[in-house]
Amino acid sequence: MRHRFIILFLYVVLLTVLVACTPTPENVEQVSSKPAIYPDYTDVTIPVNIAPLNFLVRGDVDAVEAVAVCGDEALKVNSGDNSVCFDLGDWKDFMTQCEGKDVVVSVTVREAGKWKKHKDFKWTVVNDSIDPYLTYRLIEPDYEVWNHLTIQERCVENFDTRAICHYDLVDNRCMNCHTYSSQSPEKSMMYVRGEGGGAILNEGGSLSKLGIKTDDMVSGSVYFGFSPSGRYITFSTNIIIPAFHGDAKKRMEVFDSKSDVYVADLETKTIISSPLLTDSTWLETFPTFSADGKHIYYCTADGSPLQTADLRSVKYKLCSIDFDEKTGSIGTTVDTLEIKGSVCHPRVSPDGKYILYTVADYGTFPIWHPEADLQMLNLKTGEIDSLAIVNSNCSDTYHSWSSNSRWFVFASKRDDGLFGKPYFCYIDKEGRAHKPFALPQESPCYYDETMKSFNAPELGRDRLPFTAADVMRAMNQDIIPFSRGKDND
Amino acid sequence: MNSKISKYGIYAIIALWGVACFTFFHFAYRHHLFYEEQNQLFLLTSDYVATYFNKPAWLACLAGDFLTSLYYYLFAGPAILTAMLLVAGDVLRRSLQKAGIRHGCFFVAIVVMTILAVMSLKTEFRLSSIMAVIIGGALFLCVSFFQIHKQPWCIIVDVIAVAFAHWVAGVGAIVYAILAVIRALVRREPWRWCSLALPFVPIIISLLTVNYYTLKPSDSILYPGVGKLTMPNLELERQLAVEDEYYFGNYEEVERLVESNDKPSLHELFFYNLVSAQKDMLPDRLMKYRPNELGTFEKIGPDTHILTTKRMHELYWLIGDMTYTERAAMLANVFSPSNRNVKMIKCLAETSKVSGNDKAAEKFLRLLDNTLIYGKWAERTRMDVSGKYADKAKMINTKDSIKTGDNAYPILCELLESNPNNTIALDYLLCSDLLLKDLKTFKRDYDHFCGNKPRLKKLYQQALMIYLAASETPVEQWSEYIKDEHELQRFMMYNSHRGDPAFSDTYWYYYDKMKLNK
């Protein structure tokens, strides 16, 4: 009994000391600038279900007080360093109260012993939730050669993260983008490359290994997307060549020397092709289905400039071709949508209203193009939104939609020009884009300390029903081969 | 009395063992230890420390990696390694005694210490593995201290302890389990046959934690790894010594090390040439060693030898191509254990500074700020007080070109077109032509880049003589290129004795007699 009192006493003393040590502002001086916080969460629009926006304050800051106020509700953090981390439970309660409202955030910092209160900024909390799960590949920002790759799944409502494919479990193989069918965790696919590799198809947690390749293809499938029913995937085969810029600021260039587009029927295990999508003089790539499954959007470029190694003249156009999901047949005419620049990665919003794509000056690998920006085409009006509020002066690309079409995620290198990070952007009912924000991390130092780039982020409606160990076991399965099905003339 | 003498004798043997171990690792193997230090980036941040919980053996790895980060300092590597080996031996000796073994514990401890020391000859064997042995043994000692083996429930405590050991020490759990089995059998504990199941506990845990640790069970049980018995690689030590001396800017030492070696390796010659180029002596020394290694014919990729991958950034940095310096450093970083290499991160920071990518430079400098050793370096780099990076920026490639592959020829040409005064790039270009015996290209490059400013080096004069003679250029036109009368006389003499070893230091001899490297 006596011991218990001693422990309780020590506990109280420790708590008192800790509380006493947490600095609180006094003699505060008001400054007119907004705080230099990282990630930049100033004046952003956030979904009600997002994890706490923990951040750092840059500069010689040794204490911070951050207060988020929404009506009568307030959330306060006092920190003895330059980081601001909200308690997850308090944050969730606060967000529930702030749904559909603006939150005013005041940040007061201590620099060189003096407290300074910066200009407030706001968070607009919208009740359009974002899909709660995000998958992405972690890779060093040199995609040419890889070692120790992981595909992770992160719950964006909190900080739970797990590997769904891990190099230690698949003999350090290369692995590519994990993509959902209509943002559903019940159907998704990713590639695990190398000898004995294949496309790992998830159907309700049951994994199978597919060999989506026939001998006449230039390579295995690279970029792909599911049809709305999930029965078909449309995919590209690409011979990818790395190249290097003389100008060190531009770093790498990656181009396709050959590429074609196909459709695979996952039910009959057949591959459907069309001469319009496999023209050897043209480069066809980045195929994706429309929201109703009646069209395939893809990008195409005249391959002739490659003969003279004139990569800067290779510019991809956005095209579409009909597809009939009932008969599994590809249309006979191609429509071209006029867009200035070289178009990559078209992605149709699930409600079918918009196509989001990346535009670079030229080429097919916007990840290394600082000028690469996102644009959004309104499929009803034909209007193009340059998404000025979304884009940065570094590469902004590789995007995917949330199932409610109100959010999209994309990889941006805006922080350092090298390492890609997932950013989320809100599209309101009027189709206006709002200032994006970076995926929040439990520790705001995370992005400073990681040496990995977030690549190919994809949003999903729920937790995937398989684990990294399941993928390891699936790799031991026999590969399910695909054969040529009917070709469209 | 006799037992006292034998006890002191054993202590003397252990002391001698320790001295021998320290002496060997300091005088004959310290560059291996420095290589291990460079192959990681230990951050003093809570986030970084938290990453150790993602794998088994977090305590062993944390302690091992932290101590490895101190290998940077002279004497620290051999001293720490020797100390940890001695601690491992002592813990094992005490554990065996606690387990009830009365004789031979010292001997077993010395054998285990020696095995661990031999395993440490390979850079892949981490200090963390020795820490795992220490922790496994120390945990056994702690549990034994409470005499729980006399209790009927001791087997439960052992199971919990093995599981705990797997969590904090990985392979240390096996050490604990073996010691517990020995104790149960030697002391004839009532549950001794059950204790035989203890080694299976880490196996079961490994099977249950595949998704948590994302490790195959076989890797999880032995985490952070068991080494292999191997012979000392003194050849590699010499190569690493040259590399380290170059890294620290001790160019005279690089020269001394290479020149004191009858047959320096290509790795050593690579750095020797880098030093020579900076002393304006690359053409003067090119014929000194055959085969030679400029690095200009190397391509880096997944199949490239790791030593080659890790040195290429030095060449690109020296000649001034920041795109390829960054790429080489990034690849070397990617192919380091845990994809982190402090030397490469420093190089990436410097490259970004020179290229004007200040935000990228800051990313790498922030990482280094959080280390025990490189924080001051990061601060100096940030300030660039000496103007080193500003000066380097004047040498970089200004051509807005796109090149496929890493063929050095176009890189060197572009650097020279960007900055005709880049003598280092010029020498690498001309010397590469000459090593390939491609005199036509050499002559074209010489005319193009030295037309207005002849580079009067004996090697180039010799090569030009061959070209002029082979192209049957009239003698009166030779004076346009050939300024060294003495060499011209020698050339006449050589022609009457082609292939004479007396001329083995000349390009003529190389051209006539040496086979090209594939």
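First, a word on what this report is: a plain description of the structure on this page. As the structure is a computational prediction, the values presented were derived from the model and not from experiment. (Residues numbered from 1 in each chain as written. Chains lettered and ligands numbered in written order. Predicted model: local features only at pLDDT ≥ 70, side-chain atom pairs only at ≥ 80, totals over all residues. Heavy atoms only, no water.)

All names here are of chain A. One open sheet holds the four strands; their spatial order is β26-β27-β28-β29, and the pairing between them is antiparallel. Across the chains shown, the open sheet's two edge strands, defined by having one partner strand only, are β26 (342–348) and β29 (384–385). Bridge analysis of β26 against strand β27 (residues 354–360) gives five bridges, and the strand direction is antiparallel. By the bridge assignment for β27, Val348 is matched with Ile355. (Pairing = 2+ DSSP bridges. Helix = DSSP H or I, 4+ residues; strand = E, 2+ residues; numbered from the N terminus.)

Our next topic: the pairing of strand β25 (residues 329–337) of chain A. Residue and element names in this part refer to chain A. By the bridge criterion, six bridges tie strand β24 (residues 317–324) to β25 in an arrangement that is antiparallel. Bridging from a neighbouring strand, Leu318 pairs with Leu337 of β25. Linking β24 to β25, which pair antiparallel, is a turn of four residues; within it Gly328 sits at a positive phi near 65°.

Listed by partner, the interface residues are 48 residues for chain A and 44 residues for chain B. Buried area between chain A and chain B, both sides added, is near 3,900 Å², and the carbon and sulfur share of it is 55%. Broken down residue by residue, the surface that chain A buries against chain B is led by Phe244, Glu449 and Met451 of chain A, which jointly contribute 20%. Linking chain A with chain B are six salt bridges. The salt bridge involving Asp448 of chain A is made with Arg366 of chain B; its shortest N-O contact spans 3.8 Å. The interface formed by chain A and chain B holds 24 residue pairs in polar contact (both at pLDDT 80 or more) in total. By residue number, the principal contributor to the side of chain A that touches chain B is strand β19 (residues 232–245) of chain A, which donates five residues. Partitioning the side of chain A that touches chain B into residue classes produces 22 nonpolar, eight polar and 18 charged. Examined bridge by bridge, β19 of chain A and strand β1 (residues 402–404) of chain B share three bridges and lie antiparallel to one another. When the sheet's bridge partners are listed, Phe244 of chain A is paired in β1 of chain B with Lys403 of chain B. (Contact = heavy atoms within 4.5 Å. Buried area = accessible area lost by both parts, 1.4 Å probe. Salt bridge = Lys/Arg side-chain N within 4 Å of Asp/Glu carboxyl O. Polar contact = N/O pair within 3.5 Å; in protein donor to acceptor, adjacent residues only side chain to side chain. Nonpolar A, V, L, I, M, F, W, Y, C, P; charged D, E, K, R; others polar.)

Our focus in this paragraph is the pattern of salt bridges. Where charged atoms of side chains with opposite charge meet at close range, the side chains can pair. Residue and element names in this part refer to chain B. Taken as a whole and assessed by the stated rule, the structure comprises 59 salt bridges over all chains. A salt bridge links Lys288 to Glu259; the nearest nitrogen and oxygen atoms lie 3.3 Å apart. With a gap of 29 residues between them, Lys288 in the loop between α17 (282–285) and α18 (306–319) and Glu259 in helix α15 (residues 251–259) connect regions that are remote in the sequence. A salt bridge links Glu293 to Arg311, with the shortest nitrogen-to-oxygen separation between them at 2.7 Å. You can see Glu293 sitting in the loop between α17 and α18 and its partner Arg311 sitting in helix α18, a full 18 residues away along the chain.

A separate point is helix α22 (residues 375–383) of chain B. All names here are of chain B. Buried within α22 we find Gly375, Trp377, Ala378 and Thr381. Seen along its axis, α22 keeps its buried residues to an arc of 160°; they face one direction. With respect to the buried face of α22, the exposed residues turned more than 90 degrees away are Lys376, Arg380 and Met383. Structurally, α22 contributes buried residues whose contacts are with α20 (342–355), α21 (358–369) and α23 (388–393). At the C-terminal side of α22, Asp384 shows a positive phi close to 50°. (Buried < 20%, exposed > 50% of the residue type's maximum accessible area, 1.4 Å probe, protein only. Arc of directions from axis to C-beta.)

A cluster of acidic residues, Asp72, Glu73, Asp87, Asp90 and Asp93 of chain A, forms a negative patch on the protein surface. Among the secondary structure elements, Asp87 of chain A is positioned in the loop between β7 (83–84) and α2 (88–98). (Patch = residues over 30% accessible without salt bridge, like charges linked within 9 Å, V, L, I, M, F, W, Y side chains within 5 Å. Areas by Shrake-Rupley, 256 points an atom, 1.4 Å probe, with all protein chains shown as cover. Lys, Arg positive; Asp, Glu negative; His and termini not counted. Charge placed at Lys NZ, Arg CZ, Asp CG, Glu CD.)

Residues and elements named next belong to chain A. Strands sit in the order β2-β4-β7 across an open sheet of three strands; the sheet is antiparallel. Looking at strand neighbours, the two that pair on one side only are β2 (37–38) and β7, the edges of this open sheet. Both strand β4 (residues 55–57) and β7 contribute to a ladder of two bridges, which runs antiparallel. Of the residues in β7, the one forming a bridge with Phe55 is Val84.

For the rest of this paragraph, the subject is the packing of α20 of chain B against α22 of chain B. Residue and element names in this part refer to chain B. It is the contact of α20 with α22, at a shortest axis distance of 10 Å, that shows an interaxial angle of 10°. Relative to α22, α20 is oriented roughly parallel. Each of Lys346, Ala349, Glu350 and Lys353 in α20 lies in contact with α22, whose residues at this interface are Trp377, Thr381 and Arg382. Looking at side-chain class alone, the contact of α20 with α22 contains two nonpolar, one polar and four charged residues. (Axes fitted to C-alpha atoms, helices over the stretch in contact; angles between N-to-C directions. Parallel < 35°, antiparallel > 145°, perpendicular 65-115°, else oblique.)

Here we come to the nonpolar core. Residue and element names in this part refer to chain B. Core analysis: the biggest nonpolar cluster contains 193 residues, and Ile130, Ile319 and Tyr428 have the highest contact counts within it. The element best represented in this core is helix α7 (residues 127–145), accounting for 11 residues. In contact with Tyr428, not counting residues within four places along its chain, are Asn273, Leu274, Ala277, Leu282, Leu294, Thr296, Leu315, Leu318, Ile319 and Leu412. (Core = buried A, V, L, I, M, F, W, Y, C linked by side-chain atoms within 4.5 Å.)

Residues and elements named next belong to chain B. A contiguous nonpolar surface patch, about 460 Å² in accessible area, is contributed by Phe107, Val108, Val111, Ile115 and Leu229. With respect to the secondary-structure elements, Ile115 resides in helix α6 (residues 105–119). A relative accessible area of 34% means that Ile115 is categorised as partly exposed.

Attention shifts here to a positive patch on the surface. Together, Lys98, Arg102, Lys150 and Arg187 of chain B make up a positively charged patch on the protein surface. A relative accessible area of 77% places Arg102 of chain B in the exposed class.

A few words on helix α8 (residues 154–169) of chain B. Residue and element names in this part refer to chain B. Helix length check: α8, at 16 residues, gives a terminal C-alpha distance of 21 Å against a target of 22 Å (1.5 Å per residue), a fit within 8%. Listed as buried for α8 are Cys154, Ile155, Asp158, Ala161, Val162, Ala165, His166, Val168 and Ala169. One or two steps after α8, the chain reaches Gly170, where phi turns positive at roughly 55°. (Expected span 1.5 Å × (residues − 1).)

Taken by themselves, the reported measurements are silent on function.
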